[in-house]
Structure formats: structure tokens, C-alpha cells
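Structure assessment
This is what each chain is made of:
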Amino acid sequence: MWILYAFGSALFAGATSILAKIGIEYVDSHVATALRTIVVLIFSWLMVFIVGSQNQLVDISIKSYIFLILSGMATGASWLCYFKALQLGDVNKVVPIDKSSTILTMVLAFIFLKEDITVPMVIGMIAIGLGTYLMIQKKEEEQKEVKNKAWLIYAVLSAVCASLTSILAKIGIENVESNLGTAIRTIVVLMMAWLIVFLQKKHGQVKKISKKSLLFIGLSGIATGASWLCYYKALHDGLASIVVPIDKLSILVTVAFAYIFLKEKLSKKSAAGLILITVGTLSLLIKI
């Protein structure tokens, strides 16, 4: 079942990127992240009460709390960087870099979680890395244009923080009901997101956001909540080195939605890169 949860996570995560891209078009990315997190928080705690795990709060060890908090902080940092990159760059270029966190996550899982490494997994990692490189390559005419490269820095930082999130969360939810673990982490993300907003004195912009933007930000929050619940249930029950790569297949959903709703088309290089990422990710499942 944890494999099915991982695929469910990928589906909702793919929808999240497009909904968020539409929602933050005319909204500061940090403000949008803070608003989205409110929706995720409500969604995650609703699931906690539905499954009845709220009584387990007093039974959680200090170690688990520490790692859940650290995971939440890493998630907050990843989100802030990711949605800033998404606002500045193309979805089809930002998402592949973010998804390349798969490689770092697997390396960290091998080192800290003692998960096995196999030849198919190494081949898969190489394919994902090469595919990511091809997808972020620009066409010659685009390379001649002087553009803000800040999105690339934010996208890379997002990937690094996302990798740390998965490893810290895996350790933190080891003996914790997955929905409850997700809800606790979300509190940390919410506090971090709003702290950034208030430090930058952007909280006044909330009143100026259009109803359309609020709608899509809300929908992206719901999609994120659904993705998280599936993801951390899979991470709780399965192997991090397998769950994370499956989750990253959300890139297929994102690219499809980007073409349909944002009219973003893939170049031949990008298409080849997408195929490599997909094949590389699927090859990681051979160890099962």
C-alpha cells in the first residue's frame, strides 16, 4: 500500500505546482506560501482528528519532536525558495531542478538510514541527473537574452532543503502516526512562513490579493495537503530511497498541466530529459 500512497503523493504534488503558479502570478511568493500553509494546516489537522491520533501527542518522544521540527524548518525553507523560483522562472525548468533532490535524498538515505544501494539505483540516479540537466538547458535564442538567473539559485536551494526534509521526516515519524507527524511539521512551516512575511513587512499585501489568486492559492494548499498526507504515510511505512523517487514522478503531471493550462512547451532536449528522468525514476523500483 505504501507504493500506492507514494504515487498518490506524486499526482497531488504535480497539480500543486500548476495551481500555485497560477495563484502567485501577481502575488508575492512569500505571502502566497504563508497563505497556502494555513490551508495545509487545517487540512492536516482535520485528518488527525478523523483518524483519532490527536491523543498520541503526549506519547511522542523528544527525539521525534526535534526531528519533526527540523523537518518542518527544512520544508519551510524549501517552500519559500521553490515558490520564489516558480514565480521568477518557467515551471518546466524550475520543477526538474526541485525534483533532482531525489539524488541527494537517496545518497543521504544510504549514509544515515543505512538503506541498500543497487546497480539499477545508481543507473537511475545518473539518468535523473542527466535528464535534469537537459530539461534546464535553454534554446539558443533564449541564451542570448539577458534574464534574471535568481530562479536557478532558488530552485537549487529548494532541492537541497527538500532532500533534508525527507531524511529528517523519516527519522521523526519513525514511531509517530503519519498524519499526526505531518500536522506537527505543518505548524512549524506555518510559523516560519509568516515570520518571513512579517519580517519583510509584506503582511499588508494580503488585503490586495484578488479572489482568483486566493482561490488558486487555496486549491494549491489543498493539493499540497493531500500530497503530504500520502507522502508521509508512504514514508512512514516504506523505504525513503523508493518513496522519494516515486513522489518525484509528479513532474509528469506538472509538465502535462503546464502544457494544457500555461501553454509551456517542451523543446526536444527537454523532452529527452523528461524521458531520462522518468526511466531513471522507474529503474529505482527494480530493487522491490
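It should be emphasised that the depicted structure is a prediction, and the values quoted were computed from it without experimental measurement. Along each chain, residues carry numbers from 1 onward, in the same order as the chain's sequence is written. The predicted origin of the model limits local features to residues at a pLDDT of at least 70 and limits the giving and counting of side-chain atom pairs to 80 or more, whereas totals for whole chains, interfaces and linings rest on all residues. Side-chain measures here rest on the full set of heavy atoms in the structure, leaving out hydrogens and waters.

1. Looking at the environment of Ile246
Rules: Secondary structure follows DSSP: runs of H or I at least 4 residues long count as helices, runs of E at least 2 residues long count as strands, and numbering of each begins at the N terminus. The contact definition used throughout considers only heavy atoms, calling two residues in contact when any of these lie within 4.5 Å.
Following the sequence through the fold, Ile246 ends up in helix 11 (residues 240-247). Between the alpha carbons of Ile246 and Leu164 there is a distance of 17 Å; along the sequence they are 82 residues apart. Beyond its immediate sequence surroundings of up to four residues, Ile246 is in contact with Ile3, Ala6, Phe7, Ala10, Thr281 and Leu285.

2. What about the pattern of salt bridges?
Applied cut-off: For this document, the term salt bridge refers to a Lys or Arg side-chain nitrogen within 4 Å of an Asp or Glu carboxyl oxygen. Working definition: with a 1.4 Å probe on protein chains only, accessible area under 20% of the residue-type maximum means buried, over 50% means exposed, and in between means partly exposed.
Inspection of every chain in the model, using the stated rule, returns 2 salt bridges. Note that Asp28 is salt-bridged to Lys202, the shortest N-O span being 2.7 Å. Separated by 174 residues along the polypeptide, Asp28 in the loop between helix 1 (2-23) and helix 2 (29-51) and Lys202 in the loop between helix 9 (178-199) and helix 10 (211-237) bring together distant segments of the chain. Given the relative accessible area of 19%, Lys202 is considered buried. Its salt-bridge partner being Lys233, residue Asp237 comes within 3.4 Å of it at the nearest N-O pair. Of this pair, Asp237 and Lys233 both sit in helix 10, 4 residues apart, roughly one helical turn. A residue is classified by how much of its surface remains accessible, and Lys233, at 26% relative accessible area, is partly exposed.

3. Here's the deal with the packing of helix 2 against helix 9
The condition is simple: To obtain an axis, a line is fitted to C-alpha atoms, over the contacting stretch when the element is a helix, and the angle between two such axes runs from 0 to 180 degrees between their N-to-C directions. These descriptions rest on fixed angle ranges, namely under 35 degrees for roughly parallel, over 145 for roughly antiparallel, 65 to 115 for roughly perpendicular, and the rest for oblique. A crossing counts as left-handed when the near helix is turned anticlockwise from the far one by less than a right angle, and as right-handed when that turn is clockwise. We call Asp, Glu, Lys and Arg charged. Ala, Val, Leu, Ile, Met, Phe, Trp, Tyr, Cys and Pro are nonpolar, and the rest, Gly among them, are polar.
Where helix 2 contacts helix 9, the two axes come as close as 8 Å, and the packing angle between them is 160°. As judged from the angle between their axes, helix 2 and helix 9 are roughly antiparallel. Both helix 2 and helix 9 take part in a crossing whose hand is left-handed. Residues belonging to the contact of helix 2 with helix 9 are distributed by class as follows: 20 nonpolar, 7 polar and no charged.

4. Regarding the side chain of Lys170
Just so we agree on the cut-off: Lys and Arg are tallied as positive, Asp and Glu as negative. Neither His nor the chain termini are counted. By the criterion applied in these results, polar contacts are pairs of N or O atoms within 3.5 Å in which, for protein atoms, one can donate a hydrogen and the other can accept it, and in which residues neighboring in sequence qualify only through two side-chain atoms.
You can see Lys170 is positioned in helix 8 (residues 150-172). It turns out Lys170 is buried and unbridged, and the closest side chain with the opposite charge, Glu115, is 5.2 Å from it. Within the local environment of Lys170, its side chain forms a polar contact with the backbone oxygen of Gly238, the two atoms lying 2.7 Å apart. Aside from chain neighbours lying at most four places away, what touches Lys170 is Leu113, Leu235, His236, Gly238 and Ala240.

5. Brief notes about the confidence of the model for the protein
The condition is simple: The quantity known as pLDDT measures the predictor's confidence residue by residue, on a range of 0 to 100.
With 95% of its residues at a pLDDT of 70 or more, the protein shows a mean pLDDT of 87. Across the protein, the element-wise mean pLDDT spans from 46 in helix 7 (residues 140-143) up to 93 in helix 9. Note on residues 140-146: pLDDT under 50 across the span, and 3 contacts to partners over four residues away in sequence or across chains.

6. Focus: the environment of Glu115
Tracing the sequence through the fold places Glu115 in the loop between helix 5 (101-112) and helix 6 (119-136). For the pair Glu115 and Leu239, spaced 124 residues apart in the sequence, the C-alpha separation amounts to 7.7 Å. Not counting residues within four places of it along the chain, the set of residues in contact with Glu115 comprises Ala109, Phe110, Leu239, Ala240 and Ser241. From its side chain, Glu115 meets the backbone nitrogen of Ala240 in a polar contact 3.1 Å long.

7. Notes on helix 12 (residues 250-261)
Basically, it comes down to this: In this analysis, the expected span of each helix is defined as 1.5 Å times one less than the number of residues it contains.
In a regular helix each residue adds 1.5 Å, so 12 residues correspond to 16 Å; helix 12 covers 16 Å between its end C-alpha atoms and thus fits that length. Along helix 12, the residues classified as buried are Ser250, Ile251, Val253, Thr254, Val255 and Ala258. Looking at the packing, one finds that the buried side of helix 12 touches helix 1, helix 4 (91-99), helix 6, helix 11 and helix 13 (268-283). Lys263 lies just past helix 12 and shows a positive phi near 60°.

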